[in-house]
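What follows is each chain in one-letter form.
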Amino acid sequence: LKIYEAHVGMASTEPKVATYAEFADEVLPRIKRMGYNAVQLMAVAEHAHYGCFGYHVTSFFAPASRQGTPEELKLLVDTAHGLEIVVLMDLVHAHASSNALDGIAQMDGTDHCYTHGGPKGHHSEWDSVIFNCLKHEVLRFLLSNVKWWIEEYGFDGFRFDGITSMLY
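So, here's what we can say about the structure. Note that this is a predicted model, so its numbers are computed, not measured.

## Here we look at the overall build of the protein chain
A tally of regular secondary structure across the protein chain gives four helices and nine strands. For the protein chain, the N- to C-terminal ordering of α and β elements is β-α-β-β-β-α-β-β-β-β-α-β-α. The C-alpha radius of gyration of the protein chain comes to 16 Å, within 12% of the 15 Å expected for a compact globule of 168 residues. With the principal axes as the frame, the protein chain shows a C-alpha extent of 50 × 30 × 25 Å.

Structure follows, in structure tokens:
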């Protein structure tokens, strides 16, 4: 694969947040002309703080609304497939936003519902919470999320961000 990494919202030549539709119309044909046969999309899942580049996910089952509607994301993926471009999603499954107000951190009032409790559950460099992949509930949540992105949007594969936080 020859992979082109892109952030849909930052793909505009203008100083604005680009949309899924603009990316499909303007960027995908350019990617194809340059000889790439795959695109890896960053910051697809909803995230509250734009400055995190999409790596502090707050809603794992929703596409980033700044770039457009779910239907427009589906059209982007379909357009890429029509151009014979594989679509990979940069999936953030090692950690989540530490924001307890709009994410899953402290969802049940504790610091260890989906994450490790205490200091082990907080990634100080990223200011995020770290999933506890030893819990079956967490694995089911993350695996169902992978399945959902494939079935709902047609993604062909994934790049998993922050994998060392899952392993160590």
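## Digging into helix α1 (residues 20-33)
Taking 1.5 Å of rise per residue, 14 residues should cover 20 Å, and α1 covers 19 Å from first to last C-alpha, within 8% of that figure. At Val 27, α1 shows its maximal bend, which comes to roughly 35 degrees, and the proline Pro 29 appears one to four places after that position. Looking only at α1, the buried set comprises Tyr 20, Phe 23, Ala 24, Val 27, Leu 28 and Ile 31. Buried residues belonging to α1 abut β1 (3-7), β2 (38-42), β4 (57-63) and α2 (70-82). Trailing α1 by a residue or two, Gly 35 shows a phi angle of about 95 degrees, which is positive.

## Describing the pattern of salt bridges
Opposite charge on two side chains permits pairing when their charged atoms draw close. Evaluation of the coordinates by the stated rule reveals six salt bridges. As a salt-bridge pair, Lys 16 and Glu 22 come within 2.5 Å of each other at their nearest N and O atoms. On the basis of relative accessible area, Lys 16 is assigned to the partly exposed category, the value being 38%. What emerges from the salt-bridge pattern is a single network uniting Asp 90, Arg 159 and Asp 161.

## What to know about unusual backbone geometry
The phi angle at Ala 43 is positive, at roughly 55 degrees, despite the residue not being glycine. Considering the arrangement of structural elements, one finds Ala 43 in the loop between β2 and β3 (45-47). Residue Ala 43 is classed as buried on the basis of its relative accessible area of 5%. Positive phi outside glycine occurs at Glu 84, with the angle close to 60 degrees. Relative to the elements of secondary structure, Glu 84 occurs in the loop between α2 and β5 (86-92).

## Considerations on the nonpolar core
Counting 40 residues, the largest nonpolar core has Phe 23, Leu 28, Val 39, Leu 41, Phe 131, Trp 149 and Phe 155 as the members making the most contacts within it. When contributions to this core are tallied by element, the ones reaching two or more residues are α1, β2, β4, α2, β5 and α3 (136-153). Contact partners of Phe 155, with chain neighbours within four places excluded, come to Leu 41, Val 44, Leu 73, Val 77, Val 87, Leu 88, Met 89, Trp 149 and Ile 150.

## A word on the sheet that holds strand β8 (residues 128-130)
Either a parallel or an antiparallel arrangement is found when strands of a sheet pair, and the pairing is made through backbone hydrogen bonds. The antiparallel open sheet is built from three strands, whose spatial order is β6-β8-β7. Strands with a single pairing partner mark the edges of an open sheet, and in this sheet they are β6 (95-97) and β7 (122-123). Where β6 and β8 come together, three bridges link them in antiparallel fashion. Each residue of the ladder has a partner; that of Ser 97, found in β8, is Ser 128.

## Let's talk about the sheet that holds β5
With respect to topology, four strands assemble into an open sheet ordered β1-β2-β5-β9, the strand pairing being parallel. At either end of the open sheet lies a strand with only one pairing partner, and these are β1 and β9 (157-161). Pairwise comparison of adjacent strand axes, ignoring direction, gives a mean angle of 25 degrees for this sheet. Where α1 meets the sheet, it contacts β1 and β2, and its direction lies at approximately 135 degrees from that of β2.

What counts, and where the lines are drawn
Along each chain, residue indices are assigned from 1 in the same order as the chain's sequence is written. Thresholds applied to this predicted model are a pLDDT of at least 70 for local features of residues and 80 or more for the giving and counting of side-chain atom pairs; totals over whole chains, interfaces and linings are not thresholded and use all residues. In computing side-chain properties, one takes all heavy atoms of the structure into account and sets aside hydrogens as well as water. Think of it this way: any DSSP run of H or I at least four residues long counts as a helix, any run of E at least two long counts as a strand, and we number them from the N terminus. Radius of gyration: C-alpha atoms only; globule rule: 2.2 Å multiplied by the number of residues to the exponent 0.38. By this rule, a helix spans an expected 1.5 Å times one less than how many residues it contains. We define the bend at each residue as the angle formed by axes fitted to the 7 residues ending at it and the 7 residues starting at it. Classification of residues uses two cut-offs on accessible area relative to the type maximum, computed with a 1.4 Å probe and protein chains only: under 20% is buried, over 50% is exposed, and between them is partly exposed. When checking whether two residues touch, look at their non-hydrogen atoms; a contact exists if any pair is within 4.5 Å. Just to be clear on terms, a salt bridge is a Lys or Arg side-chain nitrogen sitting within 4 Å of an Asp or Glu carboxyl oxygen. Residue types Ala, Val, Leu, Ile, Met, Phe, Trp, Tyr and Cys, when buried and joined through side-chain atoms within 4.5 Å, form a set referred to as a nonpolar core. Paired strands, in this sense, are two strands between which DSSP finds at least two bridges. All axes here are fitted lines through C-alpha atoms, helices being fitted over the stretch that makes contact, and every angle between N-to-C directions spans 0 to 180 degrees.

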